[in-house]
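Architecture at a glance
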Amino acid sequence: MRKFSVQGREYAALIILSDHDEFESMEVVEMSDGVRGELLLEFRFDSNSARLSFIRPEIEIPLLRASLEVFREEFLEPRRAGGLPLPPW
């Protein structure tokens, strides 16, 4: 779980791994007093594609941008640093 804040609100990006310890999805929820709130965004990806599979209505652009940055830092950068191939997307 990776915590981050946007416009004074706390969020968590929950990294979901497949059975083979491969990064499969990332869920973003709002945190309130250390308690997980409802699902706001869900990203799904594999070696061939990446997609935003769920977005709660009225999500503000700053949260979407911050979530994409967390995705980049948690998924793409470690692959690049480890010399692993990056997905074609």
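Here goes a summary of the coordinates provided. Because the structure is predicted, anything quoted here is derived from the model rather than measured.

**Some thoughts on the pairing of strand β2 (residues 9-17)**
Relative to β2, strand β1 (residues 2-6) is paired through five bridges, and the arrangement is antiparallel. In the strand pairing of β2, Val 6 is matched with Arg 9. Linkage of β1 to β2, two consecutive antiparallel strands, is achieved through a turn of two residues, within which Gln 7 is found at a positive phi near 50°.

**A look at the side chain of Glu 27**
Within the fold, Glu 27 resides in strand β3 (residues 23-32). When neighbours within four sequence positions are excluded, Glu 27 is seen to be in contact with Ala 12, Ala 13, Leu 14, Ile 16, Arg 36, Leu 39, Leu 41 and Glu 42.

**Re the side chain of Ser 25**
For Ser 25, the position within the fold is in strand β3. The exposure class assigned to Ser 25 is buried, which follows from its relative accessible area of 1%.

Conventions we followed
- Residues numbered from 1 in each chain as written.
- Predicted model: local features only at pLDDT ≥ 70, side-chain atom pairs only at ≥ 80, totals over all residues.
- Heavy atoms only, no water.
- Pairing = 2+ DSSP bridges.
- Helix = DSSP H or I, 4+ residues; strand = E, 2+ residues; numbered from the N terminus.
- Contact = heavy atoms within 4.5 Å.
- Buried < 20%, exposed > 50% of the residue type's maximum accessible area, 1.4 Å probe, protein only.

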